[in-house]
Amino acid sequence: MLKYIVRRILVSIPVLFGISIVTFLMIRLVPGDTVTALLGTRYSEEQAVQLKAYYGLDKPLYVQYLIWIGNVLRGDLGRSSFSGDSVMQSIIERLPVTLELTLISVLIASLIGIPLGIWAAYRHNRLPDYMATVVGLLGISIPGFWLGTIFILLFALKLGWAPSSGYISFWENPLENLHHMWMPGIALGAAVSAVVMRMTRSTMLEVLSEDYMKMARAKGMSPLRILIRHALKNAMIPIITVLGIQIGYLIGGSVVIEQIFSLPGIGRLALQAITNRDYALMQGTILFVGFCFVVINLIVDILYSILNPKIRY
Amino acid sequence: MRKITGGILIAMLIMLTACSSSAPNTTQTTTSSTTTGQSTASNVIRVAVQSDGKTLDPHTATDAGSMHYIENMYSTLMQYNGKYGEIEPGLAESYTISDDLLTYTFNLHQGVKFHGSGKEMTSADVKYSIERIIDKGVRANQFTAVKSIDATDPYTVVFHLKQPMAPFLTYLANPMNGIVDSDIVKANNNSLDNVDAGTGPFELVKWEKDQQLTLKKNPDYYEKGLPYLDEVDFKPIADATARTTALRNNEIDLILETTEKENKVLENVEGITLKSEPGTFWEYIGLNVKDPALRDVRVRQAIANAVDRNQINQLVKLGKATVLDGGNIPPNHWAYPDIHPYAQRNVEKAKQLLQAAGSPAISLTLKVGSEYDYQVQAAQVIKQQLAEVGITVKVESQESSVFFDALGKGDFQMAVVGWQGFVDPDEYTYNLFHTGEAYNQQGYSNPEVDALLEKGRTTADEAARKDIYKQIETTVADEAPMVFLYMNERAAAYRNNVTGFIVEPTVTSIFLKQTKVQ
């Protein structure tokens, strides 16, 4: 197992290098650059040349990359060209917000999606199944920005159950923090629970049609025991995979929800970095999200062997 | 099942620790007297802004978000006096100008203290600040006429100019030309991005990026009795619905700048005041004079005649903007030219002009920045209107950075753009219409206009200047390198317990030193 983990970590190094190159090139392929964004709406050529030299943007691309990656390897993600802040520091400051948001929405997704999926599979082609399918379809099709806006109008304005925006750190005031976070958490979790529900339903259906299920029933086991102990455990691998992928997406992809609810997270940081053409900040953020993805995938792979002892590394 | 849930939990815990080993340490320990949604201190105002600032350095800031913070933290030699276009002494107690308009002598207030350090502001800081502005480049063009600055004694500073510069005092009043503490600048490697080196009405307490910028009252502020507020909390809220909801829910007291859509929402809400003034942000269609299709002045005039400014105003701005049917200097300005060559849309004339130019049916591309949805809407209306005179328009909506890049390079035929007018008429005209100037992206060039622009800069008498700018505006409107559309209103919304809030026309203006919360 340890050997496997070490091997996986070694394999992820070239993956991260790949991410770094793609990130580096992608943002430079987009027209417009740091200087255009930095100088505001209009600028003179002279100013632009000066600033380009200042940020080293006048050097050839490969030199710029080598300088950057050299610094990254030394643990220095560089500084934002707008605020002058350390990129690492900016990411670390915003990470707790995004992680909490991710955690809440994944928890919600699991609590809603998994039971609903099991129920739908158990009552296959009957009313609960149809209802769950409709709910799942809605969850996937409703865009986050719409749900977020409706939530604000309903829960913040009409009912006054939650503030419409802002963030309080969990360590500063846990209750206030949850008061602020539940609404964006649900708004973000809705789509994920739909994905989880559909995955649970389909894998459960597959497992339930296996011969060993008939065997279990023939042995006279209670339906609940069959569902949970035998079916769900075997259906769990694809569900965990989906959850893992979703967590990865949420860390980098909660942009819309963070924007609507004014949460100072990684998504908003990345969005600003992109609109400002803040190369160092954007490269750093994306590389970091890529890193999280790799770590989560590793965790998911390790979980497989816990769930299915037949899988050995 | 227990094992499974346990597994998931463990996985999540591992993930948490893997990704955020140092997360808890990042929490700010500084205690603030307020938290979102409830203020414990009484004399605190909670202000919503659309976007967080990018820097706190007055000499490099270019975005409105940063300017809103900075203007409350710094003071300037001269300052705006509340009546648009007029200025009065600020940190300077008094000033004299030599007869040849080449020497400006300022006598400084004594006992003005910098935030934090408590050091007294002297003429050395003034000299240092203006030289830093020139060095930083962003607003250096406002001081191109400066030959040298002498700090003759601690409270006297003398500016020697190479040539007369009529808007010089107005430039000194620009809130971004703040006087900074030279010691603090040096101690921070010439970067004021995250620190406060000002003498303004409020001083920086802390800045949690994207969450809140907290300012507190400067007890030593040189204008006695001001400011009234003890604390100002700026909260960036990007989403318009979230912003209006926060105001209605009493989570904030003031939205510094509202859009037309927010105004519509807040118009009839009880307990909320919506205040608007004619602003200085105007929009226009830029016509690239160097483009073969637009080189002929008659084609440009045809476009200027074919556009129905009133209709665009009604459809896009809900009729709230002030239509510009002549020049771009607004009606509330002392230099307003009061000319109306395009008071009425004239389709027939437009068709005749196109006919005369030998191009009765042409196709043009109209570029617009996708971020500004109202400009994209305006572009669509313009497309319809120009179609009626035989001009086929293809609207190309581009991501802002790409759009401005194209604009800067002159890579466009037509473009819908917004431009911030400031205070002096020179700022409305020189950089835009003088041959070869940085912001003259239309490539417009007229030696007569150039001469007038230079004369406008170097003439001191206001009446004479008014006449000069009228001539400039008349020629520019006629030759149409830009088709002016409208001047936007500037609006703010606040809860009724807020008093003394002045909506200023320009984007940079001291907002909060007169404001009270009851």
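Criteria and cut-off values
- Along each chain, the written sequence defines residue order, and numbers are assigned to residues from 1.
- Chain labels run from A onward and ligand labels from 1 onward, assigned in the order the entries are written.
- Thresholds applied to this predicted model are a pLDDT of at least 70 for local features of residues and 80 or more for the giving and counting of side-chain atom pairs; totals over whole chains, interfaces and linings are not thresholded and use all residues.
- As a convention, hydrogens and water are excluded, and side-chain values are obtained from all of the structure's heavy atoms.
- Comment: elements are numbered from the N terminus, with helices defined as DSSP H or I runs of at least four residues and strands as E runs of at least two.
- Residue burial is assigned from relative accessible area. The probe radius is 1.4 Å, only protein chains are included, and a residue is buried under 20% of its type maximum, exposed over 50%, and partly exposed in between.
- Given a helix with a known number of residues, its expected span is that number minus one, times 1.5 Å.
- Bend at a given residue is defined as the angle between two axes, one fitted to the seven residues that end at that position and one fitted to the seven that begin there.
- Residues adjacent in sequence count toward polar contacts only when both atoms are side-chain atoms; beyond that, a polar contact is any pair of N or O atoms within 3.5 Å, and within protein one must be able to donate a hydrogen and the other to accept it.
- Patches here: salt-bridge-free residues with over 30% relative accessible area, like charges joined within 9 Å, nonpolar side chains (Val, Leu, Ile, Met, Phe, Trp, Tyr) joined within 5 Å.
- With residues, only the protein chains shown are counted as cover, and all accessible areas are computed by Shrake-Rupley using a 1.4 Å probe.
- One speaks of a salt bridge when a side-chain nitrogen belonging to Lys or Arg is within 4 Å of a carboxyl oxygen belonging to Asp or Glu.
- The score called pLDDT rates the predictor's confidence residue by residue, from a low of 0 to a high of 100.
- It only takes one pair of heavy atoms within 4.5 Å for two residues to be counted as in contact.
- By definition, the arc is the one covered by directions from the helix axis to the C-beta atoms.
- Each pair of strands is called paired provided DSSP finds at least two bridges between the two strands.
- Here the axes come from fitting lines to C-alpha atoms, over the contacting stretch only for helices, and the angles between their N-to-C directions go from 0 to 180 degrees.

With that out of the way, let us pick up the overall build of chain A. A count of helices and strands for chain A gives 13 helices and zero strands. The N-to-C order of helical and strand elements in chain A reads α-α-α-α-α-α-α-α-α-α-α-α-α. Expressed along its principal axes, the backbone C-alpha trace of chain A runs to roughly 85 × 55 × 35 Å. Scored against the burial criterion, the 313 residues of chain A give a buried share of 51%.

All names here are of chain A. Taking 1.5 Å as the rise per residue, helix H5 (residues 87-122) with 36 residues should run 52 Å; its terminal C-alpha atoms sit 49 Å apart, in good agreement. For H5, the principal kink sits at Leu-95 and spans about 40°; a proline, Pro-96, occurs within the next four residues. One side-chain oxygen at the N-terminal end of H5 lies 3.4 Å from the backbone nitrogen of Met-88; it belongs to Ser-86.

Moving on, we come to a nonpolar patch on the surface. Taken together, the side chains of Phe-145, Trp-146, Ile-150, Leu-153, Leu-154, Leu-159, Trp-161 and Val-256 of chain A make up a nonpolar region of the molecular surface, amounting to roughly 740 Å² of accessible area. Counting residues per element, the nonpolar patch draws most heavily on helix H7 (residues 144-158) of chain A, which supplies five residues.

Further remarks concern the confidence of the model for chain B. Residue and element names in this part refer to chain B. On average, residues of chain B carry a pLDDT of 87, and 91% of them reach 70 or more. Low pLDDT, under 50, characterises residues 1-41; the predicted model gives this stretch 65 contacts beyond four residues in sequence or across chains. Across the interface, the model reports ipTM at 0.79; the global pTM reads 0.81.

Glancing now at the environment of Gly-117 of chain A. Residue and element names in this part refer to chain A. Here Gly-117 shows up in helix H5. Judged by its relative accessible area of 0%, Gly-117 is buried. In contact with Gly-117, not counting residues within four places along its chain, are Met-197, Thr-200 and Arg-201.

Moving on: helix H6 (residues 127-141) of chain A. Residue and element names in this part refer to chain A. The end-to-end C-alpha distance of H6 is 21 Å, a good match for the 21 Å that 15 residues give at a rise of 1.5 Å each. Listed in full, the buried residues belonging to H6 are Pro-128, Asp-129, Ala-132, Gly-136 and Gly-139. The arc that holds the buried residues of H6, viewed along the axis, is 95°, so those residues lie on one side. Check the buried side of H6 and you find it contacts H5 and helix H8 (174-208).

Residue and element names in this part refer to chain B. The antiparallel open sheet is built from four strands, whose spatial order is S6-S7-S9-S8. Strands with a single pairing partner mark the edges of an open sheet, and in this sheet they are strand S6 (92-97) and strand S8 (146-153). Strand-to-strand twist in this sheet, taken as the mean axis angle between neighbours without regard to direction, amounts to 20°. Across five bridges, strand S7 (residues 103-108) lies against strand S9 (residues 156-161) in antiparallel orientation. When the sheet's bridge partners are listed, Phe-106 is paired in S9 with Val-157.

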